[in-house]
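As a plain string of letters, each chain reads:
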Amino acid sequence: MNIRKTKKLTTIGMLCTLAYVAAAVGRIPLVLFLKYDPKDVVIVIGGLIFGPLSSFAITVIVSVAQMFTISGTGILGCIMNVISSCSFACTAAFIYKRNHKLSGAVLGLACGVGCQVVVMMFWNYLIAPIYMGYPREAVAELLLPAFLPFNLVKGGLNAAITMLLYKPVVTALRRSNLIEPCQDSGKTRINSGVLLAALLIIITCVLMILSFHDMI
């Protein structure tokens, strides 16, 4: 039992490190001042492997580390990061935990994207004016033309990349003896349908980014 806990803590520690690196060096400008980073991919993979509480733990650790190092938005930015990542990753991990199949993983990721979009529209309106220094009316005017497409693209990219990477990551962790075979039933397999869907989502998100930049 102690060995299993040690392996779990080691793996979660590795995922925290990878998520922080993704947040620090993987930032890509998308819409206006909003930037995408792929840390939620790492966070949701941790949740799909170990459950929603692990996604929450990784999110908090990485968000606090960001606050003290690379973020300029302080505690409010940290709170927003936790809310955003948890609404996506914890939702997906919870649904997959209840339905540990490929269909459960896809449904969980889709629901995670939807939850993140809805939740962040509300919290961007509520908190963004404070840490951005914008009038609330100005933020409200940006909700549909900026925040909504940003969160749709962000969620779509995270879900698609997770669909591509989850199985290879789990396989690598198994071969490294960091997770037990019983922790993942092996039913979630990357097949041609999942691969095609993921690629179509990524292409759609890229086209959305390009079209939005053309409008600007």
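Parameters and conventions
- All residue numbers here refer to positions counted from 1 along the written sequence of the relevant chain.
- Whole-chain, interface and lining totals are the exception, using all residues; otherwise, since this is a predicted model, local features are given only for residues with pLDDT of at least 70 and side-chain atom pairs are given and counted only at 80 or more.
- As a rule here, side-chain values cover all heavy atoms of the structure and leave hydrogens and water aside.
- The angle between two axes is taken between their N-to-C directions and runs from 0 to 180 degrees, where each axis is a line fitted to C-alpha atoms and a helix contributes only its stretch in contact.
- For helices the rule is a DSSP run of H or I covering at least 4 residues; for strands it is a run of E covering at least 2, with both sets numbered from the N terminus onward.
- Our angle categories are set so that under 35 degrees counts as roughly parallel, over 145 as roughly antiparallel, 65 to 115 as roughly perpendicular, and the remainder as oblique.
- Two helices crossing with the near one rotated counterclockwise from the far one by less than a right angle form a left-handed crossing, whereas a clockwise rotation gives a right-handed crossing.
- Contacts: residue pairs with any heavy atoms within 4.5 Å of one another.
- Amino acid classes used here: Ala, Val, Leu, Ile, Met, Phe, Trp, Tyr, Cys and Pro are nonpolar; Asp, Glu, Lys and Arg are charged; the rest, including Gly, are polar.
- pLDDT is defined as a per-residue confidence score from the predictor, taking values between 0 and 100.
- Here, two cysteine sulfur atoms that lie within 2.5 Å of each other are counted as a disulfide.
- Note on classification: 1.4 Å probe, protein chains only; a residue is buried when its accessible area is under 20% of the maximum for its type, exposed when over 50%, partly exposed between these limits.

**Section: the packing of helix 2 (residues 39-50) against helix 6 (residues 136-175)**
Here comes step 1: The contact between helix 2 and helix 6 brings their axes to 8 Å, and the two run at 50°. Accordingly, the angle class assigned to the pair helix 2 and helix 6 is oblique. Handedness of the crossing formed by helix 2 with helix 6: right-handed. Counting all contacts with helix 2, which are made through Asp 40, Val 41, Val 44, Ile 45, Leu 48 and Ile 49, the residues of helix 6 involved are Lys 154, Asn 158, Ile 161, Thr 162, Leu 165, Tyr 166, Val 169, Val 170 and Leu 173.
Here comes step 2: Broken down by class, the residue content of the contact of helix 2 with helix 6 amounts to 11 nonpolar, 2 polar and 2 charged.

**Digging into the confidence of the model for the chain**
Here comes step 1: Of all residues in the chain, 93% have pLDDT values of 70 or greater, and the mean over the chain is 89.
Here comes step 2: Mean pLDDT across the elements of the chain bottoms out in strand 1 (residues 28-31) (81) and peaks in helix 2 (97).
Here comes step 3: The low-confidence segment residues 183-188 (pLDDT under 50) makes 21 contacts with residues lying over four places distant or belonging to another chain.

**With respect to the state of the cysteines**
Here comes step 1: Applying the stated criterion to the full structure yields 0 disulfides.
Here comes step 2: In this structure Cys 16 is not part of a disulfide, and its nearest cysteine sulfur, from Cys 86, lies 12 Å away.
Here comes step 3: Overall, the relative accessible area of 10% leaves Cys 16 in the buried class.
Here comes step 4: Lacking any disulfide linkage, Cys 115 is separated from the closest cysteine sulfur, that of Cys 111, by 8.7 Å.

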